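Letter by letter, the chains look like this.
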Amino acid sequence: MTVRPARSRSGARQRGAALLTAMIIVTLVATLAVAMVWQQWRAVQVETAERGRAQAAWILSGALEFAKLILSETVRATGPISLNDNWATPLAEARLSTFLAVDKNNVDDGPEAFLSGDITDAQGRYNLRNLVDTATAGVAPKVVPDELAALTRLCSVLGIEGGVAQRIASGLLNAITHSTGASALMPRTVAQLTWLGIDSATVQALAPYVVLLPEATALNVNTASKEVLAAVTATSSAAALVQQRQAAPFTDIEAFKKLAGMAPDNQAKVAFRSAYFEVRARLRLNDQVLIERSLVQWQRRPTPPVVLRRERIASLEQVGG
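Residues numbered from 1 in each chain as written. Predicted model: local features only at pLDDT ≥ 70, side-chain atom pairs only at ≥ 80, totals over all residues. Heavy atoms only, no water.

Novice: Now, about the overall build of the chain: what can you tell me, with residues and values included?
Specialist: Helices and strands together make up the secondary structure of the chain, namely seven helices and 11 strands. Burial analysis of the chain (321 residues in total) assigns 36% to the buried set. Intrachain contacts of the chain at a sequence separation of at least 6 include 62% that bridge at least 24 residues. Carbon together with sulfur atoms contributes 58% to the accessible area of the chain, which is approximately 18,900 Å² in total. (Helix = DSSP H or I, 4+ residues; strand = E, 2+ residues; numbered from the N terminus. Buried < 20%, exposed > 50% of the residue type's maximum accessible area, 1.4 Å probe, protein only. Contact = heavy atoms within 4.5 Å. Areas by Shrake-Rupley, 256 points an atom, 1.4 Å probe, with all protein chains shown as cover.)

As C-alpha cells, this is what we get:
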C-alpha cells in the first residue's frame, strides 16, 4: 500500500479550495452582471412606457383641442345645431403622421400611432338630471312626473323593465337630497348608475340613449334618436320627424311641436341648439389602444368650450388580435 506524503495531500486540498473559491467568485460576478443587465433592461422598459404614456397624453390632448376648435365654429353660429354640421362627421382612423409636417424627416422617428374619434351631442340623449326638480327656491327637490313618464316610455321602447325608471328617479332624488352627507353618492356618468342598484346589463342598454349632465337641459330635436324623440315628445311620428330633419333641421320649436302632434299640456323640454357635447378619441399606439371620453360645455360667446370631465380608458385590445 502506497502512502501519499502529507505535503502532497495538503497541496491538493489547497488547489481544490482555490478552484472552489474561483467558481464562487465567477458565480457572484455572473449573478451581479445578470442583475445589472436586468436592471438596465427594466429601466429601458420603464422609460419606454413613460415615454409612450406622455406621447399618448399629448396626442389625446391635441385631439381634444382640435375637437373644441370644430365645436367653437359650430356653436358660435346662430342657426340650429344638427347632424348636418361638420362636427357630426366622425374622424376615420388615420396615421398620425398624416396630420404632421410634410417633411418626412420630422416624422420618421415618431411613434406608429393611429387616431380616430367622433363628437356626439350630449343633448341628443335623454338627460337623467331632468328627473329631479331643484330649480324652485324654498321647495325640497322632487321627482318630475312628466320626466319620469318620458323615461318610462324610453325603457319600454328599449325593452327594459319599467320599474328601472322609478328606481333611477328615486336614487337620483335621494342622492341630490343627501348630497352633503355620506348616505348617498351622486352619479356623474351613466356607468355610475350601478351605484343606484341598476344592473350592468341595463346600464349598457340605456347608455346610447341617456346622459347625466350637471344641470337640467332641453332635448335637441335635431340630433336625438327616434327612440328618444318618441319617449320625450310622446309622439308616434318620431321616425318621420327624423327623416324630415335630414333635409332641413328644425328651427322653430312651436312649429316642431305642431308637426309632432304634441298635446298642448305636454311640457317636454325641447330645443334646436345644444351646449353639451361628448368628444371621443381613440388612439392606437404600438400594441395599445387608448380611448378618451370628454364632456365639453359651450357657455357663452366668445369664450371657447370648457372641458368638464375627461375619462381615459386603457383597452386590452392588441393590434392584430
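Novice: Account for a nonpolar patch on the surface, with residues named and values stated.
Specialist: Taken together, the side chains of Leu20, Ile24 and Leu28 present a nonpolar region at the surface, about 290 Å² in accessible area. Its location among the elements puts Ile24 in helix 1 (residues 6–75). (Patch = residues over 30% accessible without salt bridge, like charges linked within 9 Å, V, L, I, M, F, W, Y side chains within 5 Å. Salt bridge = Lys/Arg side-chain N within 4 Å of Asp/Glu carboxyl O.)

Novice: Give a detailed account of the nonpolar core, specifying residues and quantitative values.
Specialist: Tyr126, Leu128, Leu131, Leu151, Ile168 and Leu229 are the most contacted members of the largest nonpolar core, which has 42 residues in total. Among the elements that line this core, the one with the most residues is helix 3 (residues 163–177), at six residues. Apart from the residues within four sequence positions on either side, Tyr126 is in contact with Leu131, Glu147, Ala150, Leu151, Leu154, Tyr209, Val210, Val211, Val228 and Val232. (Core = buried A, V, L, I, M, F, W, Y, C linked by side-chain atoms within 4.5 Å.)

Novice: Outline unusual backbone geometry, listing residues and values.
Specialist: The phi dihedral of Ala234 is positive, around 55 degrees, even though this residue is not glycine. Structurally, Ala234 is set in the loop between helix 5 (226–233) and helix 6 (238–247). Taking relative accessible area as the criterion, Ala234 reaches 44% and is therefore assigned partly exposed.

Novice: Break down the confidence of the model for the chain for me, with residues and values.
Specialist: Looking at the chain as a whole, the pLDDT averages 84, with 85% of positions reaching at least 70. When mean pLDDT is compared element by element in the chain, strand 3 (residues 126–127) scores highest at 97, while helix 1 scores lowest at 79. Here residues 317–321 scores under 50 on pLDDT; set against residues more than four positions off or in separate chains, the count is seven contacts. (pLDDT = per-residue confidence, 0-100.)

Novice: Hey, could you go over the packing of aromatic side chains for me, with residue numbers and the actual values?
Specialist: Counting across every chain of the model gives two aromatic pairs. Centre to centre, the rings of Trp87 and Phe277 are 5.5 Å apart; their planes meet at 70 degrees, and the pair counts as edge-to-face. Here Phe277 lies in strand 9 (residues 276–285) and Trp87 lies in the loop between helix 1 and strand 1 (91–95), a separation of 190 residues in the sequence. Taken individually, Trp87 and Phe277 each receive the classification buried, so the pair is uniform in this respect. With a centroid separation of 5.0 Å and an interplanar angle of 65 degrees, the aromatic rings of Phe250 and Phe256 are classed as edge-to-face. Taken as a pair, Phe250 and Phe256 share a single burial class, namely buried. For the cation-ring pair, Arg284 lies above Phe114, with the distance from its terminal atom to the ring centre recorded as 4.4 Å. (Phe/Tyr/Trp six-rings, centres within 6.5 Å; stacked < 30°, edge-to-face > 60°. Lys NZ or Arg CZ within 6 Å of the ring centre and 35° of its normal.)

Novice: Please set out helix 7 (residues 253–260) residue by residue, giving values where relevant.
Specialist: For helix 7, the full list of buried residues reads Ile253, Phe256 and Ala260. Each buried residue of helix 7 sits inside an arc of 55 degrees when the element is viewed along its axis, so together they form one side. What points out from helix 7, more than 90 degrees from its buried face, is the exposed set Glu254 and Lys258. As for helix 7, its buried residues are in contact with helix 5, helix 6 and strand 8 (270–271). (Arc of directions from axis to C-beta.)

Novice: Could you give an account of helix 5, naming the residues involved and the relevant values?
Specialist: In terms of burial, helix 5 is largely enclosed, as seven of its eight residues are buried. Those residues of helix 5 not exposed but buried are Glu227, Val228, Leu229, Ala230, Ala231, Val232 and Thr233. Considering only its buried residues, helix 5 is in contact with strand 3, helix 2 (145–157), strand 7 (219–220), helix 6, helix 7 and strand 8. A positive phi of about 55 degrees marks Ala234, the residue just after helix 5.

Novice: Tell me about empty space enclosed by the protein, residues and numbers included.
Specialist: For the structure shown, the criterion picks out one cavity of 30 Å³ or more. Every residue lining the largest cavity is listed: Arg125, Tyr126, Asn127, Asn130, Glu147, Thr217, Ala218, Leu219, Val232 and Lys269. In terms of residue class, the lining of the largest cavity is built from four nonpolar, three polar and three charged. (1 Å grid on protein atoms, 1.4 Å probe; cavity = no way out; pocket = protein on both sides within 12 Å on 5 of 7 lines; lining within 4 Å. Points joined across faces, edges and corners; volume = space filled by probe spheres on them. Nonpolar A, V, L, I, M, F, W, Y, C, P; charged D, E, K, R; others polar.)

Novice: Explain the pairing of strand 10 (residues 288–297) residue by residue, including any values.
Specialist: The buried count for strand 10 comes to eight of 10 residues, which makes it a mostly enclosed element. As defined by bridge partners, strand 9 adjoins strand 10 across 10 bridges and the pair is classed as antiparallel. Within strand 10, the residue paired with Leu285 across the bridge is Gln288. Taken together, strand 9 and the strand that follows it, strand 10, pair antiparallel across an intervening segment of two residues, in which Asn286 is found at a positive phi of about 55 degrees. (Pairing = 2+ DSSP bridges.)

Novice: Pulling in residues and values, what's your account of the pattern of salt bridges?
Specialist: On inspection of all chains with the given rule, the structure shows nine salt bridges. Of the charged contacts in the structure, one is a salt bridge between Glu161 and Arg167, with a shortest N-O distance of 3.5 Å. For Glu161, a relative accessible area of 49% corresponds to the partly exposed category. A salt bridge links Arg310 to Glu292; the nearest nitrogen and oxygen atoms lie 2.9 Å apart. Taken together, the residues Arg310 in strand 11 (residues 306–315) and Glu292 in strand 10 connect sequence positions 18 residues apart. Given a relative accessible area of 39%, Arg310 falls into the partly exposed group. Glu292 gets classed as buried once you look at its relative accessible area, which sits at 3%.

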